[in-house]
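# Observations on chain architecture
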Amino acid sequence: AQSVAQPEDQVNVAEGNPLTVKCTYSVSGNPYLFWYVQYPNRGLQFLLKYITGDNLVKGSYGFEAEFNKSQTSFHLKKPSALVSDSALYFCAVRDSASGTYKYIFGTGTRLKVLA
Amino acid sequence: DAGVIQSPRHEVTEMGQEVTLRCKPISGHDYLFWYRQTMMRGLELLIYFNNNVPIDDSGMPEDRFSAKMPNASFSTLKIQPSEPRDSAVYFCASSLGGSTGELFFGEGSRLTVL
């Protein structure tokens, strides 16, 4: 069965510093990996995805993520954090071998960027 | 496009009442998903449709929950009778089929059952 883990409930980072939000996954086949962001009282917004190809994926708002097959990880990164990046971040996975279109989400990581 | 549209945005009801949540997916999208978000359980997939046909409803909590998609532009999630433990934010999402399709979420319907 596919699963995804976000080991940190909250990440605090100073404005201007680099940020990393961690995600690990477990699938039978090849993973399709996604990051979403949720602001208060809003729906989830798509940031970026990895399907195949280059392990470094660039997305919206200056975010990027690195796919690491050996470590089954897909960590979200940004070189310089902004206060406006403070939000709830979700990692999601779909298993290419599952035969379904189920997207499984992690429990979310709250990012707090301090001015 | 206006995005995924959900209604109502907020619903407060009393235990035992019927609740109907509505969703209009993005035009042309052939997959529709219903998720529930709570503090305790995070984001749970309840059911998803492909071309208006329910494909996997294994996440539906119990028989009190039902979902329909009568056409490509409309879906409902119904809870009858509602219970306080159903209080949550319910999200609808749609996607364009194919392996690379990311989900587009609506703004959610916040349900409070008293």
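Not measured: the values here are computed from a predicted model. (Residues numbered from 1 in each chain as written. Chains lettered and ligands numbered in written order. Predicted model: local features only at pLDDT ≥ 70, side-chain atom pairs only at ≥ 80, totals over all residues. Heavy atoms only, no water.)

## A look at the overall build of chain B
Helix and strand counts for chain B stand at zero helices and 11 strands. Across chain B, helices and strands are ordered from the amino to the carboxyl terminus as β-β-β-β-β-β-β-β-β-β-β. A globule of 114 residues ought to have a C-alpha radius of gyration of about 13 Å, and chain B, at 13 Å, matches this closely. Reported as C-alpha extents along the three principal axes, the dimensions of chain B are approximately 40 × 30 × 25 Å. (Helix = DSSP H or I, 4+ residues; strand = E, 2+ residues; numbered from the N terminus. Rg over C-alpha atoms; globule rule 2.2 N^0.38 Å.)

## Notes on the sheet that holds strand 8 (residues 74–79) of chain B
Residue and element names in this part refer to chain B. What the four strands build is an open sheet, ordered 1-3-8-7; its pairing is antiparallel. The open sheet has two edge strands with one neighbour each: strand 1 (5–7) and strand 7 (65–71). Taking each pair of neighbouring strands and ignoring which way they run, the sheet shows an average axis angle of 15°. Both strand 1 and strand 3 (residues 19–24) contribute to a ladder of three bridges, which runs antiparallel. In the sheet register, Ser7 faces strand 3, and the bridge partner there is Arg22. (Pairing = 2+ DSSP bridges. Axes fitted to C-alpha atoms, helices over the stretch in contact; angles between N-to-C directions.)

## Things to note about the pairing of strand 10 (residues 87–95) of chain A
Residues and elements named next belong to chain A. Extensive coverage of strand 10 is indicated by the burial of nine of its nine residues. As defined by bridge partners, strand 5 (residues 31–38) adjoins strand 10 across eight bridges and the pair is classed as antiparallel. Within strand 10, the position partnered with Gln38 by the bridge is Leu88. Note that strand 10 and strand 12 (residues 109–114) share three bridges and pair antiparallel. By the bridge assignment, Tyr89 is partnered in strand 12 with Thr109. (Buried < 20%, exposed > 50% of the residue type's maximum accessible area, 1.4 Å probe, protein only.)

## Structural notes on the nonpolar core
Judged by nonpolar contacts, the single largest core of 27 residues is most densely connected at Trp35, Leu47, Leu48, Phe74, Leu76 and Tyr89 of chain A. Elements represented by at least two residues in this core include exactly strand 2 (10–14), strand 3 (19–21), strand 5, strand 6 (44–50), strand 8 (64–68), strand 9 (73–78), strand 10 and strand 12 of chain A. At four residues, the largest contribution of residues to this core is made by strand 10 of chain A. Residues Phe90, Tyr101 and Phe105 of chain A together with Ala93 of chain B belong to the second largest nonpolar core, which totals 22 residues. (Core = buried A, V, L, I, M, F, W, Y, C linked by side-chain atoms within 4.5 Å.)

## Overview of the layout of surface pockets
In this structure, the largest pocket occupies an estimated 630 Å³ of space. Every residue lining the largest pocket is counted, 31 residues in all, and those nearest its centre are Gln38, Leu88 and Arg110 of chain A together with Gln37 and Met39 of chain B. Taken together, the elements giving at least two residues each to the lining of the largest pocket come down to strand 10 and strand 12 of chain A together with strand 4 (31–38), strand 5 (42–50), strand 9 (88–95) and strand 11 (109–113) of chain B. By residue number, the principal contributor to the lining of the largest pocket is strand 12 of chain A, which donates four residues. Residues belonging to the lining of the largest pocket are distributed by class as follows: 11 nonpolar, 13 polar and seven charged. Quantified by volume, the second largest pocket comes out at close to 240 Å³. Forming the boundary of the second largest pocket are 14 residues, of which Leu44 and Gln45 of chain A together with Phe104, Phe105 and Glu107 of chain B lie nearest the centre. Every element with two or more residues in the lining of the second largest pocket is listed here: strand 6 of chain A together with strand 10 (104–105) of chain B. Top contributing element to the lining of the second largest pocket by residue count: strand 6 of chain A, with three residues. Looking at side-chain class alone, the lining of the second largest pocket contains eight nonpolar, four polar and two charged residues. (1 Å grid on protein atoms, 1.4 Å probe; cavity = no way out; pocket = protein on both sides within 12 Å on 5 of 7 lines; lining within 4 Å. Points joined across faces, edges and corners; volume = space filled by probe spheres on them. Nonpolar A, V, L, I, M, F, W, Y, C, P; charged D, E, K, R; others polar.)

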